[in-house]
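So the chains spell out like this:
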Amino acid sequence: MIRPANLAIAAALLVSAASHGYLYVHGYRYLPAVGPGFLVLASASTALAILIALGGPGWLRAAALLVSIGALGAFAMSRTVGVMGFVERGWAAPHGPISVFAAAITVALCGWSLVRRGSAAPRSRTAVS
């Protein structure tokens with residue numbers, strides 16, 4: 001059974017993927033070190049969204065959590081110390097706020113989902129003798 005939390009996580013991942021894909025196509029692809037990262041992030045987020053929406057295992061939610069934390073970290077670094085020589089100022093509206101909001105929602109939902117379920121790893125069902 002596909003849980004509503006999985007669909008919400010998938011939706012947030014797809015919003016993030018669409019935003020990063022748009023930014024890649026409309027200018028970031030020309031940045032040698034950063035551009036490919038936008039494409040990889042959009043692709044990975046899309047793949048995770050599809051697999052999570054289809055009811056994939058819990059470790060996919062853990063992967064989505066890590067991908068989204070990484071996206072938020074890269075956003076923060078790009079506004080402060082830079083990422084591979086790339087520094088940006090401001091929010092690049094509307095896609096900056098959209099990306100941050102989608103990643104934050106993904107982090108919150110994945111974190112809640114994993115804590116609620118106990119862990120991302122399947123539990124062993126061995127009998128105690």
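Residues numbered from 1 in each chain as written. Predicted model: local features only at pLDDT ≥ 70, side-chain atom pairs only at ≥ 80, totals over all residues. Heavy atoms only, no water.

**Q** Even after reading the chapter, I still don't get the overall build of the chain, so can you show me in this structure?
**A** The number of helices and strands found in the chain is four helices and zero strands. Along the chain direction, N to C, the helices and strands of the chain fall in the order α-α-α-α. Buried positions account for 37% of the 129 residues belonging to the chain. Of all intrachain contacts in the chain linking residues separated by at least 6 positions in sequence, the fraction that spans at least 24 positions is 66%. For the chain, the accessible area works out to roughly 7500 Å², and carbon and sulfur atoms hold 72% of it. (Helix = DSSP H or I, 4+ residues; strand = E, 2+ residues; numbered from the N terminus. Buried < 20%, exposed > 50% of the residue type's maximum accessible area, 1.4 Å probe, protein only. Contact = heavy atoms within 4.5 Å. Areas by Shrake-Rupley, 256 points an atom, 1.4 Å probe, with all protein chains shown as cover.)

**Q** Just checking my understanding: could you explain unusual backbone geometry for this structure?
**A** Most of the time, phi is negative for any residue but glycine, and the peptide bond is trans. Positive phi, close to 50 degrees, is recorded for Met84, a residue that is not glycine. With respect to the helices and strands, the residue Met84 is situated in the loop between α3 (58–79) and α4 (95–117). Classification of Met84 as exposed rests on a relative accessible area of 64%.

**Q** Please clarify how the packing of aromatic side chains should be interpreted in this entry.
**A** The relation between two aromatic rings is expressed through the spacing of the ring centres and the mutual angle of the planes. Counted under the stated rule, the structure contains two aromatic pairs. Ring centres of Tyr28 and Phe38 lie 4.5 Å apart, and the angle between their planes is 40 degrees; this geometry places the pair in the tilted category. Taken as a pair, Tyr28 in the loop between α1 (4–25) and α2 (35–53) and Phe38 in helix α2 lie far apart in primary sequence, 10 residues in all. With 6.0 Å between their ring centres and 70 degrees between their planes, Tyr28 and Phe86 make a pair best called edge-to-face. (Phe/Tyr/Trp six-rings, centres within 6.5 Å; stacked < 30°, edge-to-face > 60°.)

Treat this as a map of the structure, not an account of what it does.
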